[in-house]
Amino acid sequence: MLRSLWLWIAAVLLGSLLFAAWHGFEADRQFRADLLLQAQGIAAGLNVQRLEQLTATRQDLDNPVYRRLCQQLLAARSLFPQVT
């Protein structure tokens with residue numbers, strides 16, 4: 001009787017552990033899928049030819065292309081506040 005109780009408790013604990021692991025993996029998969037969709041949406045709104053004009057130097061701070069990029073990213077941030 002005592003042995004079957006311990007087996008039952010072990011089975012419940014193992015089942016709970018497996019369910020929790022599956023649920024965690026599923027939540028991670030969904031989070032990654034949502035994040036990818038958001039990134040693709042933001043990337044679709046960017047002009048690659050303009051981005052290629054940037055040099056990643058201090059001179060970019062005065063570049064209208066850089067300022068436009070900042071505005072676009074701030075707008076994206078307001079659309080997806082959970083990403084920040």
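What you are looking at is a predicted structure, and each value in this text was computed from that prediction instead of being measured.

Definitions and limits used
Residues numbered from 1 in each chain as written. Predicted model: local features only at pLDDT ≥ 70, side-chain atom pairs only at ≥ 80, totals over all residues. Heavy atoms only, no water. Salt bridge = Lys/Arg side-chain N within 4 Å of Asp/Glu carboxyl O. Helix = DSSP H or I, 4+ residues; strand = E, 2+ residues; numbered from the N terminus. Buried < 20%, exposed > 50% of the residue type's maximum accessible area, 1.4 Å probe, protein only. Expected span 1.5 Å × (residues − 1). Arc of directions from axis to C-beta. Contact = heavy atoms within 4.5 Å. Polar contact = N/O pair within 3.5 Å; in protein donor to acceptor, adjacent residues only side chain to side chain.

A. Region of interest: the pattern of salt bridges. Evaluation of the coordinates by the stated rule reveals three salt bridges. Across the pair D28 and R32 runs a salt bridge, and its minimum N-O distance is 2.9 Å. With D28 and R32 both in helix α1 (residues 2–44) and four residues apart, the pair spans about one turn of that helix. According to the relative accessible area criterion, D28 is partly exposed, its value standing at 34%. A relative accessible area of 55% places R32 in the exposed class. For the salt bridge of R67 with D62, the shortest nitrogen-to-oxygen distance reads 3.7 Å.

B. Inspection of unusual backbone geometry at higher detail. The phi angle at A56 is positive, at roughly 60°, despite the residue not being glycine. Within the secondary structure, A56 sits in the loop between α2 (48–51) and α3 (64–79).

C. Up close: α3. A rise of 1.5 Å per residue sets the reference length of α3, with its 16 residues, at 22 Å; its end C-alpha atoms lie 23 Å apart and thus fit the reference within 8%. Every buried residue belonging to α3 is among V65, L69 and A76, and all of these are buried. An end-on view of α3 places all buried positions within 40° of arc, on one side of the element. Turned more than 90 degrees away from the buried face of α3 sit P64, L74 and S78, all of them exposed. Contacts made by the buried residues of α3 are with α1 and α2. Regarding α3, its N-cap is N63, as a side-chain oxygen of that residue lies 2.8 Å from the backbone nitrogen of V65 further along.

Remember, this is a structural readout, not a statement about activity or role.
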